[in-house]
Amino acid sequence: MRILAKLFASFFILIIISLSVIFVLLHTRHAIQVFTALITPILPGTLTAEQVDYHWQRPLHLTLTQPNYQYGHQHWQANTARVQFSVERWSHLQWVRIDGLSLDLTDRAITSLDMLPATLTIGRVLFNDLSLQGQGWQAQQVSAQLDDWHKGQAPLGSVRGRAQWEAKQVDWHGLQASRLLVDATPAPNGWQFRGVSFEWQGAAISAQGHWQPGALALTQLTLSDVIIDGEDTYQRVSNALLQWPHTTTLTIDRTDIRQLSAETEQFSVNGLTLSAEHITIAPKTPWWQQPKLRASFNADYIRWHTQTWDQPLGDIERHGESWVIHQLTSQWQEGFVGLSGHFSKRHWQIDKLQANNLTLSHAVLSPLMAALPEWPETLFIDDVSLKHNQWLALSPQFPIKISGIDVNGRALQLSPFKQWRLTDGSLTASASHASINQHWLAEPYLRLDADQGKLTLQQLLLGFPDGQLAVSGAWDLSAPSQPWSLLVDGLQIPLSVYQDWFDWPLPLTGFHDIEAKWSGLAADRESFNVGLNGEMDITFLDAKTHADSETNWATQISAWLQQPSPKKDKQQTFPFETLSIDADRGQLTGALQGETRLSIQWPIYRTDAPRIR
């Protein structure tokens, strides 16, 4: 027993002396050789350093200057590496700090820590002035703190505690960001991001959320003062977004955009503030398909192509296959527009439509109409209110200008049939004045009612400079034959309106009074011709025409009703004072009376040409 005790004591003393010698040598110029001799049997590959710093007062701390490690094809070099060993076990390090390391991650197969033992753990890993290079991206001046790192079976190990990253400069596929901060903790099958923020072109961007393979779920995304200052910047942003993994779904519980401005060739916006909830961008799914989206926004202005909307304000929501517009207003064309309602592919329900002080034309509306999706099967408008608007169609062939347009509608339903028709609701329209192809109208007025396809023209008033035309009628669109009726009463109506408005070949000037009562069927042209009934009486007032004095009036009037239009002859007085026409199931009979008398026979169901004699 004494011999065993002496042997054990001698072995213990030998260990103490060996460690003392090692500690002493680590304080001398032989520290590098001693460190190399000790580390080579333990760590695969070759680890060298220009300087090894060790002090007996901190026996578990070691500093390497300019460490250089090479293992196979991997070659890592840093400015300094500091290690704090643990007294508990050799396979655990309290912390490791590496300064000035550069990592090339472009080839993931090369970057690996498989040479380290699987049992190795580190309480905290610190990086300072780290440089990272990846496929299409790089980060400079990176600092990191990784808590509770375990080597395990993963090629780069795994972090089981908190991970914090900071990068001064980041280049992501052409976009330069700065001051990137990441605070994350591991979660089952992924990472929980407690906070991510960075700056880009003076904008501040931050987010929180969770990532796992195939899905990134953000609880909050905030963008402030974003500026896209041209087409080049827009293209860089678009190209960077195209790098998004096509197999990863992005969901955002809430997005806040504050003061975004963008300027491109086709689109620009200034001072946009937007809040949105429940955004989903899924693989192989158009971005606008957002089944649960709720968004509100406002801006100084929005420009699309040649259209500019000032002070737009909106509150929209997505319900399944329908869009719900709670509010959408804007100043546009020196006026105001407002819209609310529900919209789906097959049905549009407009709760309220407003438009005030607008100046509209085909050139203004055509780009907007072309941008709309397909028209629905049914269109409902609960309330339409248009005030003090103007319509311009200043073509040389048929110029139109209508000013002071007011339109009010309630419970309107429009159905397409062969073209859009009002089938339910009440509509009134008026204007302060109008000019329609050289004819001035004062305060035109229209009132229209519809009930289940039965259309009633309550009143149409057209005020000419010296007279007025009143029209009323009915049209049953719900019946297959579409019966209709029309009452016309006019005083001092210009005769030239027939040629100027309807292109009828009647070269008459002057005025006329008219009373007419017509009815018939409108299912098609044949039913119209066969079913026309009614009567009409016209009194001519100072009527004149261009006519050939050598041709009798029966021949000339017949020629007027043929194509092409008659030539311009010498103007003379129209020798007739009255025109009366009766219609019985498409058989028109009538008479022109004045200085002479002409009878009219016109079976429109059988021929397009009347017989006048």
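Structure shown above.
Residues numbered from 1 in each chain as written. Predicted model: local features only at pLDDT ≥ 70, side-chain atom pairs only at ≥ 80, totals over all residues. Heavy atoms only, no water.

**Student:** Whenever I open this one, the overall build of the chain confuses me. Can you help?
**Tutor:** For the chain, the helix and strand inventory stands at seven helices and 41 strands. Every one of the 613 residues in the chain was classed for burial, and the buried ones make up 38%. Within the chain, contacts between residues at least 6 apart in sequence are counted, and of these 45% link residues at least 24 apart. Put simply, the chain shows about 35,500 Å² of open surface, and 57% of that area lies on carbon and sulfur atoms. (Helix = DSSP H or I, 4+ residues; strand = E, 2+ residues; numbered from the N terminus. Buried < 20%, exposed > 50% of the residue type's maximum accessible area, 1.4 Å probe, protein only. Contact = heavy atoms within 4.5 Å. Areas by Shrake-Rupley, 256 points an atom, 1.4 Å probe, with all protein chains shown as cover.)

**Student:** Would you take a moment to explain the pairing of strand β33 (residues 468-476) for this structure?
**Tutor:** Consecutive residues of a regular strand have side chains that alternate between opposite faces of the sheet. Direction of pairing for strand β32 (residues 454-463) relative to β33: antiparallel, over a ladder of eight bridges. Looking at β33, one finds that Lys454 is bridged to Asp476. Once β32 ends, the chain turns through four residues before running back antiparallel as β33. Here eight bridges tie β33 to strand β34 (residues 483-494), and the two strands are oriented antiparallel to one another. In the strand pairing of β34, Ala474 is matched with Ser485. If you look at the hairpin formed by β33 and β34, you'll find six residues sitting between the two strands, and Gln482 has a positive phi there, around 55 degrees. (Pairing = 2+ DSSP bridges.)

**Student:** For this particular structure, what's the right way to read a nonpolar patch on the surface?
**Tutor:** Taken together, the side chains of Met369, Leu372, Trp375 and Trp420 present a nonpolar region at the surface, about 380 Å² in accessible area. Tracing the backbone shows Met369 in helix α4 (residues 362-371). (Patch = residues over 30% accessible without salt bridge, like charges linked within 9 Å, V, L, I, M, F, W, Y side chains within 5 Å. Salt bridge = Lys/Arg side-chain N within 4 Å of Asp/Glu carboxyl O.)

**Student:** Can you help me understand the side chain of Asp406 in this one?
**Tutor:** With respect to the helices and strands, the residue Asp406 is situated in strand β28 (residues 400-415). In this structure Asp406 is buried but unpaired, with Lys387 as the nearest side chain of opposite charge at 5.0 Å. For Asp406, the contacting residues outside a window of four places in its chain are Leu386, Lys387, His388, Thr428, Ala429 and Ser430. (Lys, Arg positive; Asp, Glu negative; His and termini not counted.)

**Student:** Looking at this model, I keep getting lost on helix α3 (residues 231-241). Mind explaining?
**Tutor:** Residues lying three or four places apart along an α-helix face the same way, a consequence of the helix completing one turn every 3.6 residues. For α3, every residue scored as buried is listed here: Thr233, Val237 and Ala240. Taken down its axis, α3 places every buried residue within 65 degrees of arc, on the same side. Along its buried surface, α3 packs onto β12 (163-172), β13 (175-187), β14 (190-200) and β17 (227-228). (Arc of directions from axis to C-beta.)

**Student:** Mind showing me how you'd approach the sheet that holds strand β5 (residues 74-77) here?
**Tutor:** Neighbouring strands of a sheet are bound in pairs by backbone hydrogen bonds; such pairs are parallel or else antiparallel. Pairing in this open sheet of three strands is antiparallel, and the strands run β1-β4-β5 from one edge to the other. Taken across any chain shown, the strands that pair with only one partner, and hence form the sheet edges, are β1 (46-48) and β5. Across this sheet, the average inter-strand angle for adjacent strands is 5 degrees, counted without regard to direction. (Axes fitted to C-alpha atoms, helices over the stretch in contact; angles between N-to-C directions.)

**Student:** Looking at this structure, how should I read the pattern of salt bridges?
**Tutor:** Where charged atoms from two side chains of opposite charge come close, those side chains can pair. Scanning all chains against the criterion turns up 19 salt bridges. Residues Glu277 and Arg254 are paired through a salt bridge, measuring 3.3 Å at the closest nitrogen-oxygen approach. Remark: Arg254 occurs in strand β18 (residues 249-263) and Glu277 occurs in strand β19 (residues 267-281); sequence separation between them is 23 residues. With relative accessibility at 30%, the residue Glu277 sits in the partly exposed group. The shortest N-O distance in the salt bridge between Asp383 and Arg410 comes to 2.7 Å.

**Student:** Help me understand unusual backbone geometry in this model?
**Tutor:** One can expect most non-glycine residues to show negative phi and most peptide bonds to be in trans. Non-glycine residue Asp129 carries a positive phi angle of around 55 degrees. In this structure, Asp129 sits in strand β9 (residues 121-134). If you check the backbone angles, His278 has positive phi at about 60 degrees while not being a glycine. Topologically, His278 is positioned in strand β19.

**Student:** Which parts of the structure should I look at to understand the environment of Asp476?
**Tutor:** By the secondary structure assignment, Asp476 is in strand β33. Each C-alpha atom, one on Asp476 and one on Gly453, is 6.0 Å from the other, the two residues being 23 residues apart in sequence. In contact with Asp476, other than residues within four places in its own chain, are Gly453, Lys454, Gln482 and Pro483. A polar contact of 2.5 Å, which involves the side chain of Asp476, links it to the side chain of Ser478. (Polar contact = N/O pair within 3.5 Å; in protein donor to acceptor, adjacent residues only side chain to side chain.)

**Student:** Just checking my understanding: could you explain the pairing of strand β29 (residues 421-430) for this structure?
**Tutor:** For β29, a buried count of seven out of ten residues is recorded, marking the element as mostly surrounded by other parts of the structure. Direction of pairing for β28 relative to β29: antiparallel, over a ladder of eight bridges. Bridge pairing in β29 places Arg410 opposite Ser426. The pairing of β29 with strand β31 (residues 439-451) spans six bridges and is classified as antiparallel. Within β31, the position partnered with Thr428 by the bridge is Arg447.

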